[in-house]
Amino acid sequence: MGDTRIDRGRAAWWAIGATLTAALVYVVYTFVGTFVLGFFLYYATRPVYRRVDRHLRSSSVAAVASLLVLALPVVVLLSYTTAVGIQELTRVLNAPQIDLTTVEALVQPYVDVSRAVQDPQSLLGQPSVRAAINTTLRSAGQYAGFLGTAFVHLFAVITIAFYLLRDDTRLAEWFHSRFADSDGVVRAYTAAIDADFSNIFFGNILFAFITGVIASITFNVLQIVFPSSLSIPYPTLMGLLTGAASLIPVVGIKLVWIPLLGWLAVAAARSGGGYGFVAVFGVVAAVVIDFIPDLVVRPYVSGRDLHLGLVMLAYVFGPLIWGWYGIFLGPMVLVFVVHFARLVLPELVAGEGIAPVPAGADDTPASDADPESAGDPDDTAA
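The structure presented is a predicted model; accordingly, all values stated were derived computationally and were not measured. (Residues numbered from 1 in each chain as written. Predicted model: local features only at pLDDT ≥ 70, side-chain atom pairs only at ≥ 80, totals over all residues. Heavy atoms only, no water.)

1. Re the overall build of the chain
Then, number 1: When you go through the chain residue by residue, the secondary structure sums to 15 helices and 0 strands.
Then, number 2: Within the chain, the fraction of its 382 residues that count as buried is 31%.
Then, number 3: Relative to all contacts within the chain whose residues are 6 or more apart in sequence, the contacts with residues 24 or more apart total 64%.
Then, number 4: Counting only carbon and sulfur atoms, one obtains 70% of the accessible surface of the chain, whose full area is about 23200 Å². (Helix = DSSP H or I, 4+ residues; strand = E, 2+ residues; numbered from the N terminus. Buried < 20%, exposed > 50% of the residue type's maximum accessible area, 1.4 Å probe, protein only. Contact = heavy atoms within 4.5 Å. Areas by Shrake-Rupley, 256 points an atom, 1.4 Å probe, with all protein chains shown as cover.)

Encoded structure:
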């Protein structure tokens, strides 16, 4: 009878554990994009955190400072872009040759402009205006909900990155104390994954920097080589924005150069010339700024210890399978699969004991690896 009670008790605890695990999996699956983006932010800022933490007594302050170091250039770039936009808008509105008769002709079918000027209150009584106000209010409510949800996700991403930066060592020690084996396979497997995650995610920041430099140089060279009545507005700023936009998966770079191409095409149509410059800009932007860096530079800087072709396929198929966060999740899945096939699969197939180094390989266990070949030990979690 005693054994039966013990079995029932263990079965009950296993059932509770399975329920809690299912709940945790459901939460992670529902917000997988948020968690993946949090991991990306953690690995992107960890090299900075390791160095800042050496000079500060508080790990929390070091984590906040590291996140600010990454966020500050983005804030400065957005602020400068906003200032330039306001400056250009003011210049357009103050231009003496600006003619609002075209705008009035477009508005006239919907709003009686002359009556509204004579009697401003009559503007609110027009059915088209009331409908526009109602539509605007409904849209504002929808946008408020969208912005609120976006803020919650952003807060969660920052929170995940903050606590991973501050407590990653303790989390790694807890995991190894509970699940590590005596042969060191788990430790070697997690160390290899951690090192490649660091390369991949920090490589995205490096890719954005490289793309920004390439785009800035390309835009300025186009201005010099193809002088015409057309010109790229603020070519250096446009290049930096291109680099920042490259962090947005799949369509990031296109959010800058395609609208810029459209603006140049409209300007060429209005001036009656410069179509050659527009065509050259479109080809160069699509090939030099968009295609080549995304196909060649990103896999190289983001997966230096992985097969270049596999990394390239992970970046291609990841967004197609999972959506926007697939550009991060695809390489993560690749890393798990590659190191499982390297460390565990050969012994499973051969029916031999699993060791930190696969049979027939010259790999060195992670704990004995040369620090110079494995990277800065301070940039890798325990």
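So much for the structure itself; the text now carries on.
2. Considerations on the nonpolar core
Then, number 1: Counting residues in each nonpolar core, the largest one holds 36 residues, and the members touching the most others are Phe-197 and Phe-201.
Then, number 2: Within the residue set of this core, elements represented by two or more residues are helix H2 (32-53), helix H3 (59-93), helix H7 (127-179), helix H8 (185-225), helix H12 (308-322) and helix H13 (326-343).
Then, number 3: Looking at which element gives the most residues to this core, the answer is H2, with 8 residues.
Then, number 4: Residues in contact with Phe-201, not counting those within four places in the same chain, are Phe-39, Phe-40, Tyr-43, Ala-44, Phe-328 and Met-332.
Then, number 5: Counting residues in hydrophobic clusters, the runner-up holds 22 residues, among them Ala-215, Leu-241, Trp-257 and Phe-277. (Core = buried A, V, L, I, M, F, W, Y, C linked by side-chain atoms within 4.5 Å.)

3. As for the packing of aromatic side chains
Then, number 1: Within this structure, the stated rule accounts for 12 aromatic pairs.
Then, number 2: Arranged with centres 4.7 Å apart and planes meeting at 25 degrees, the rings of Phe-40 and Phe-328 form a pair that is stacked. Of the two residues, Phe-40 is situated in helix H2 and Phe-328 in helix H13; the sequence distance between them amounts to 288 residues. By the burial criterion, Phe-40 is buried, and Phe-328 matches it.
Then, number 3: An aromatic cluster is defined as three or more aromatic residues linked by ring pairs; in this entry it consists of Phe-40, Tyr-42, Tyr-43, Phe-197, Phe-201, Phe-328 and Phe-336. (Phe/Tyr/Trp six-rings, centres within 6.5 Å; stacked < 30°, edge-to-face > 60°.)

4. Description of the side chain of Asp-167
Then, number 1: Positionally, Asp-167 belongs in helix H7.
Then, number 2: On the basis of relative accessible area, Asp-167 is assigned to the buried category, the value being 17%.
Then, number 3: At a separation of 3.2 Å, a polar atom in the side chain of Asp-167 contacts the side chain of Arg-166. (Polar contact = N/O pair within 3.5 Å; in protein donor to acceptor, adjacent residues only side chain to side chain.)

5. A closer look at unusual backbone geometry
Then, number 1: The phi angle at Tyr-234 is positive, at roughly 50 degrees, despite the residue not being glycine.
Then, number 2: With respect to the helices, strands and loops of the structure, Tyr-234 is situated in the loop between H8 and helix H9 (235-245).

6. Concerning the pattern of salt bridges
Then, number 1: One pass over the structure, following the stated rule, counts 5 salt bridges.
Then, number 2: Across the salt bridge formed by Arg-50 and Asp-168, the nearest N and O atoms sit 2.5 Å from each other. Of this pair, Arg-50 sits in helix H2 while Asp-168 is found in helix H7, placing the two residues 118 residues apart along the sequence. By the burial criterion, Arg-50 is buried, and Asp-168 matches it. (Salt bridge = Lys/Arg side-chain N within 4 Å of Asp/Glu carboxyl O.)

7. Quick notes on H12
Each turn of an α-helix holds 3.6 residues, which means side chains three or four residues apart point in the same direction.
Then, number 1: Taking 1.5 Å per residue, 15 residues should reach 21 Å; H12 reaches 21 Å between its end C-alpha atoms and fits that length.
Then, number 2: Where H12 is concerned, the buried positions are Val-311, Ala-314, Tyr-315, Gly-318 and Pro-319.
Then, number 3: Just downstream of H12 lies Gly-323, where phi reads positive at about 95 degrees. (Expected span 1.5 Å × (residues − 1).)

8. Some words on the environment of Ile-289
Then, number 1: Considering the arrangement of structural elements, one finds Ile-289 in helix H11 (residues 275-302).
Then, number 2: Sequence spacing of Ile-289 and Lys-254 is 35 residues, and the spatial spacing of their C-alpha atoms is 9.5 Å.
Then, number 3: Residues in contact with Ile-289, not counting those within four places in the same chain, are Thr-211, Ala-215, Thr-218, Phe-219, Thr-242, Ile-253 and Val-284.

9. Focus: a nonpolar patch on the surface
Then, number 1: Together, Leu-310, Leu-313, Val-316, Phe-317, Leu-320, Ile-321, Trp-322, Val-333, Phe-336 and Val-337 line one region of the surface with nonpolar side chains, adding up to about 910 Å² of accessible area.
Then, number 2: Where the nonpolar patch is concerned, the elements lending two or more residues are H12 and H13.
Then, number 3: Counting residues per element, the nonpolar patch draws most heavily on H12, which supplies 7 residues.
Then, number 4: For Val-333, the position within the fold is in helix H13. (Patch = residues over 30% accessible without salt bridge, like charges linked within 9 Å, V, L, I, M, F, W, Y side chains within 5 Å.)

10. So, the confidence of the model for the chain
Then, number 1: Of the residues in the chain, 70% reach a pLDDT of 70 or more, and the chain-wide mean stands at 76.
Then, number 2: In this model, residues 363-382 is a region of pLDDT below 50 whose contacts with residues beyond four sequence positions or in other chains number 30 contacts. (pLDDT = per-residue confidence, 0-100.)

11. Quick word on the packing of H2 against H8
Then, number 1: Closest axis-to-axis distance for the H2/H8 pair is 8 Å, and the angle between their directions is 90 degrees. Overall, the two elements H2 and H8 adopt an arrangement that is roughly perpendicular. Packed against H2, whose contacting residues are Phe-39, Phe-40, Tyr-43, Ala-44, Arg-46 and Pro-47, the element H8 presents Asp-194, Phe-197, Ser-198, Phe-201, Phe-202, Asn-204 and Ile-205 at the interface.
Then, number 2: Grouping the constituent residues of the contact of H2 with H8 by class yields 9 nonpolar, 2 polar and 2 charged. (Axes fitted to C-alpha atoms, helices over the stretch in contact; angles between N-to-C directions. Parallel < 35°, antiparallel > 145°, perpendicular 65-115°, else oblique. Nonpolar A, V, L, I, M, F, W, Y, C, P; charged D, E, K, R; others polar.)

12. Examining the environment of Leu-329
Then, number 1: Considering the arrangement of structural elements, one finds Leu-329 in helix H13.
Then, number 2: Leu-329 sits in the buried class, given a relative accessible area of 14%.
Then, number 3: Once you skip the residues sitting within four places of it in the chain, Leu-329 turns out to touch Val-32, Val-36 and Trp-322.

13. A few points about the side chain of Asp-290
Then, number 1: Secondary-structure assignment places Asp-290 in helix H11.
Then, number 2: In this structure the side chain of Asp-290 is engaged in a polar contact, spanning 3.2 Å, whose partner is the side chain of Lys-254.
Then, number 3: Excluding anything up to four places from it in sequence, Asp-290 contacts Ile-253, Lys-254, Trp-257 and Ala-285.

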